[in-house]
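Topology and contacts: notes
Each chain is listed here by its residues.
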Amino acid sequence: MKPLSLLIEILIILGITIKTIKAEKHNKRQKERNVTTQVSVNEIKQYLSHILEQRTPSNVINKRENLLEKKKNQRKIRIKGIQNKDILRNKNHLQKQAEKNFTDEGDQLFKMGIKVLQQSKSQKQKEEAYLLFAKAADMGNLKAMEKMADALLFGNFGMQNITAAIQLYESLAKEGSCKAQNALGFLSSYGIGMEYDQAKALIYYTFGSAGGSMMSQMILGYRYLSGINVLQNCEVALSYYKKVADYIADTFEKSEGVPVEKVRLTEGPENLSSNSEILDWDIYQYYKFLAERGDAQIQVSLGQLHLIGRKGLDQDYHKALHYFLKAAKAGSANAMAFIGKMYLEGNAAAPQNNATAFKYFSMAASKGNAIGLHGLGLLYFYGKGVPVNYAEALKYFQKAAEKGWPDAEFQLGFMYYSGSGIWKDYKLAFKYFYLASQSGQPLAIYYLAEMYATGTGVVRSCRTAVELYKGVCELGHWAEKFLTAYFAYKDGDLDSSLVQYALLAEMGYEVAQSNLAFILESKKANILEKEKMYPMALLLWNRAAIQGNAFARVKIGDYHYYGYGTKKDYHTAATHYSIAADKYHNAQAMFNLAYMYEHGLGIAKDIHLARSLYDMAAQTSPDAYIPVFFALMKLETMHFLRDILFFNFTMRWNWLKPDNTVGPHWDLFVIGLIVAGLILLLRNHRG
């Protein structure tokens with residue numbers, strides 16, 4: 001679409017006349033310069049409803065009719081031969097200038113919104129940013145419209161309206177928005193607000209990928225890797241994942257990247273409140289108290305958390321520097337090294353200064369600190385504040401690597417890989433990349449993927465390269481949704497949490513797949529039909545199990561055992577329990593499998609194997625000890641009674657079968673008798 005026709009189309013859709021632009025321009029700019037924090041969600045909703053109203057078919061038709069009428073009048077003027085061509089030219093020029101000013105103002109509002117959002121530390125400030133996006137969207141800014149559509153889809157500030165979001169996305173998709181194509185694809189994939197249609201989802205993803213959507217490329221990579229509605233093809237998956245990994249690696253070379261906080265909802269409510277991925281507010285306050293009391297180790301820890309925004313805390317360079325300076329004053333070498341890092345990279349609290357970075361790195365290195373040694377290596381490698389000296393850089397990197405610092409191991413690997421100041425040596429490069437990758441160093445993982453993808457220094461392996469690239473891709477900025485999805489879940493907003501986990505699950509995140517399945521099986525969400533939840537959960541548990549989640553494998557067994565979302569199938573249930581028990585040594589799977597062997601459910605009855613599996617479950621997990629004790633007590637009691645009955649009353653055995661006498665749940669009845677007997681024995685013993 002040509003720029004002029006795009007502008008005209010935007011004006012038609014939004015229904016804003018050119019005549020009012022100049023009069024409102026000055027007032028709007030004044031208001032945006034003096035934005036206050038008194039922004040209400042209702043105000044944002046009003047703008048959204050206005051945008052949606054303007055995009056209804058009747059309004060669009062009216063605007064087009066007005067435009068046609070305008071053109072007819074212009075033709076009449078030409079036919080009459082009125083000598084005012086100069087007037088028309090000036091009018092057209094003024095109209096184009098007004099359109100340009102209108103578009104420019106929308107762009108400025110959008111940029112202001114992004115700036116406010118990046119600097120926001122409170123809900124009020126985020127609402128302020130979205131009000132600016134709403135105003136920019138009202139002026140036809142496509143990027144702002146994408147932001148507002150996302151807000152409607154994911155439920156930012158309680159604004160979730162999936163129908164309205166789809167309307168905006170469909171309109172944006174016609175304008176060529178790759179983000180809108182991706183959103184429509186994943187909504188079609190789950191049948192959220194749209195018809196469940198995997199073929200249509202694939203088309204949307206293909207268009208989104210062609211338009212440059214990293215999310216669409218990642219989703220297609222995962223689909224071709226796993227064979228989801230496409231033929232499994234490792235090479236195609238490799239091409240998609242590599243594009244995204246190249247982008248992520250480039251961002252990591254410039255900055256730390258986004259910390260990925262993956263909370264597993266399956267760990268249970270008692271663990272969610274004190275999850276290791278999220279720092280509890282009370283614990284944070286206690287750490288602050290200890291830090292103010294002079295605990296240098298806590299000061300360094302809090303400084304690190306604020307430096308990159310970890311454990312649910314906001315990134316705050318000023319707080320980070322505050323804690324590091326306190327700890328450095330107390331003699332902490334780690335704190336000195338992190339201060340050096342802050343000055344080397346530069347930020348709002350510590351402006352870039354190579355001399356100051358060198359000073360603090362040297363102080364830390366003199367104490368044998370690995371981070372300080374690595375910092376000095378970087379200064380010499382890139383020639384920051386000192387002349388480039390690869391020999392000195394190599395020396396410092398080696399010293400830091402000997403102390404196990406993964407960033408130094410990566411730098412050594414890169415020097416050998418690229419031949420920077422030394423001879424290329426792919427074997428040594430692989431060695432150091434591998435060592436760094438074991439600590440999760442993202443660039444080391446990326447270069448390992450590059451080596452496996454091209455067969456450089458190693459035997460080429462498409463599958464290994466794809467798995468490594470996938471690990472790098474999952475560190476992208478989109479992983480921030482793990483945190484917002486978790487907080488939405490914790491606040492009881494299951495629909496918002498579900499949609500966010502659904503997007504991440506579609507991108508191939510195993511944790512998101514299991515979390516989404518967990519939410520679906522609760523049947524408390526409202527945006528999907530209840531009858532679809534179990535089948536969808538089973539599909540997601542299966543995808544998570546393929547990626548190595550033992551709990552998900554047990555869940556698949558449970559679904560087949562009880563007939564959740566599928567037909568009851570004891571044999572299939574036993575198969576999945578066997579995989580979880582043999583491959584992952586899962587105690588729950590061992591217990592379930594033992595029960596099935598004890599009763600001959602889906603597999604041949606085998607009392608001896610049942611005993612063995614019960615014992616293994618108790619040895620594998622202390623939590624299984626009490627259930628196993630009662631199960632074995634019941635098994636041995638029934639086995640003993642059956643032996644006696646078979647020996648003495650063979651002819652009456654049919655009458656004495658527990659299933660006929662007590663009922664199908666006779667085993668629970670026996671366990672109850674055993675427990676009651678134990679309680680009586682304990683009471684008599686105490687008496």
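Data block above holds the structure.
Described in the following lines is the structure provided in the data block. These figures come from a predicted structure and were not determined experimentally. (Residues numbered from 1 in each chain as written. Predicted model: local features only at pLDDT ≥ 70, side-chain atom pairs only at ≥ 80, totals over all residues. Heavy atoms only, no water.)

**Some remarks on the packing of helix α21 (residues 406–418) against helix α22 (residues 426–437)**
One way to put it is that α21 packs onto α22 with a least axis distance of 8 Å and a crossing angle of 160 degrees. By the criterion of interaxial angle, the relationship of α21 to α22 is roughly antiparallel. Regarding α21 and α22, the two cross each other, and that crossing is left-handed. Residues Pro406, Glu409, Phe410, Leu412, Gly413, Phe414, Tyr416 and Tyr417 of α21 pack against Tyr426, Leu428, Ala429, Tyr432, Phe433, Leu435 and Ala436 of α22. Looking at the contact of α21 with α22 residue by residue, the class counts come to 13 nonpolar, one polar and one charged. (Axes fitted to C-alpha atoms, helices over the stretch in contact; angles between N-to-C directions. Helix = DSSP H or I, 4+ residues; strand = E, 2+ residues; numbered from the N terminus. Parallel < 35°, antiparallel > 145°, perpendicular 65-115°, else oblique. Left-handed = near helix turned anticlockwise from the far one by under 90°. Contact = heavy atoms within 4.5 Å. Nonpolar A, V, L, I, M, F, W, Y, C, P; charged D, E, K, R; others polar.)

**Remarks on the state of the cysteines**
Counted under the stated rule, the structure contains one disulfide. Across a sulfur-sulfur distance of 2.1 Å, Cys234 and Cys462 are joined as a disulfide pair. On the sign convention where negative means left-handed, the S-S torsion of about -110 degrees between Cys234 and Cys462 marks this disulfide as left-handed. Of this pair, Cys234 sits in helix α12 (residues 234–254) while Cys462 is found in helix α24 (residues 462–473), placing the two residues 228 residues apart along the sequence. For Cys234, a relative accessible area of 24% translates into the label partly exposed. Judged by its relative accessible area of 11%, Cys462 is buried. (Disulfide = S-S within 2.5 Å. Buried < 20%, exposed > 50% of the residue type's maximum accessible area, 1.4 Å probe, protein only.)

**Details of the packing of aromatic side chains**
For the structure on display, the rule yields 36 aromatic pairs. The interplanar angle of 35 degrees and the centroid separation of 5.9 Å between the aromatic rings of Phe410 and Tyr447 together place this pair among those described as tilted. Taken together, the residues Phe410 in helix α21 and Tyr447 in helix α23 (residues 442–454) connect sequence positions 37 residues apart. Residue classification places Tyr447 among the buried positions, given a relative accessible area of 11%. Taken together, the ring pairs in this structure connect Phe381, Tyr382, Tyr390, Phe397, Phe410, Phe414, Tyr417, Tyr426, Phe433, Tyr446, Tyr447 and Tyr469 into an aromatic cluster. Over the face of the ring belonging to Tyr396 we find Lys395, whose NZ or CZ atom lies 4.9 Å from the ring centre. For the cation-ring pair, Lys481 lies above Phe154, with the distance from its terminal atom to the ring centre recorded as 4.0 Å. (Phe/Tyr/Trp six-rings, centres within 6.5 Å; stacked < 30°, edge-to-face > 60°. Lys NZ or Arg CZ within 6 Å of the ring centre and 35° of its normal.)

**Remarks on the environment of Gly346**
Tracing the sequence through the fold places Gly346 in the loop between α17 (333–345) and α18 (354–365). Gly346 sits in the partly exposed class, given a relative accessible area of 28%. With eleven residues separating them along the chain, Gly346 and Ala357 place their C-alpha atoms 9.7 Å apart. Setting aside residues no more than four positions away along its own chain, Gly346 makes contact with Pro351 and Gln352.

**Remarks on unusual backbone geometry**
Of note, the phi angle at Asn229 is positive, near 60 degrees, even though the residue is not glycine. Structurally, the position occupied by Asn229 is in the loop between α11 (214–226) and α12. We note that Lys523 has phi near 55 degrees; this positive angle belongs to a residue other than glycine. Within the fold, Lys523 resides in the loop between α27 (510–522) and α28 (530–546).

**With respect to the environment of Ser497**
With respect to the helices and strands, the residue Ser497 is situated in helix α26 (residues 494–506). Sequence separation between Ser497 and Thr484 is 13 residues, and the spatial gap between their C-alpha atoms is 7.6 Å. The residues contacting Ser497, other than those within four sequence positions of it, are Ala485, Ala488, Tyr489 and Ile519. Within polar-contact distance, the side chain of Ser497 engages the backbone oxygen of Ala485 at 2.9 Å. (Polar contact = N/O pair within 3.5 Å; in protein donor to acceptor, adjacent residues only side chain to side chain.)

**A short note on the pattern of salt bridges**
All chains considered together, the criterion is met by 14 salt bridges. When the shortest N-O distance is used, the salt bridge between Lys262 and Glu474 registers 3.8 Å. Of this pair, Lys262 sits in the loop between α12 and α13 (269–272) while Glu474 is found in the loop between α24 and α25 (481–490), placing the two residues 212 residues apart along the sequence. Here Glu474 falls in the buried class, since its relative accessible area comes to 11%. (Salt bridge = Lys/Arg side-chain N within 4 Å of Asp/Glu carboxyl O.)

**With respect to α26**
Helix length check: α26 (13 residues) gives 18 Å between terminal C-alpha atoms against 18 Å at 1.5 Å per residue, within 8%. For α26, a buried count of 13 out of 13 residues is recorded, marking the element as mostly surrounded by other parts of the structure. Positive phi appears at Gly508, one or two residues downstream of α26, with a value of about 100 degrees. (Expected span 1.5 Å × (residues − 1).)

**Comments concerning α28**
Compared with the 24 Å implied by 1.5 Å per residue over 17 residues, the 25 Å span of α28 between its first and last C-alpha is a close match. Residues Met533, Met536, Ala537, Leu538, Leu540, Trp541, Arg543, Ala544 and Ala545 constitute the buried set of α28. Elements in contact with the buried residues of α28: α9 (178–190), α11, α26, α27, α29 (550–562) and α30 (570–584). Just downstream of α28, Gly548 is the residue with a positive phi angle, here 100 degrees.

**What about a nonpolar patch on the surface?**
A cluster of nonpolar side chains, Tyr625, Ile626 and Phe629, forms an exposed patch at the surface whose accessible area comes to about 330 Å². For Ile626, the position within the fold is in helix α33 (residues 625–648). (Patch = residues over 30% accessible without salt bridge, like charges linked within 9 Å, V, L, I, M, F, W, Y side chains within 5 Å. Areas by Shrake-Rupley, 256 points an atom, 1.4 Å probe, with all protein chains shown as cover.)

**Some thoughts on the packing of α18 against helix α19 (residues 370–382)**
Direction vectors running N to C along α18 and α19 enclose 140 degrees, while the axes themselves pass 7 Å from each other. Comparing their axes, α19 and α18 come out oblique. Where α18 crosses over α19, the handedness of that crossing is left-handed. Together, Ala357, Phe358, Phe361, Ser362, Ala364 and Ala365 of α18 and Ile371, Gly372, Leu373, Gly375, Leu376, Leu379 and Tyr380 of α19 make up the contact between the two elements. Of the residues assigned to the contact of α18 with α19, the class counts are ten nonpolar, three polar and no charged.

The values are spatial; any link to function lies outside them.
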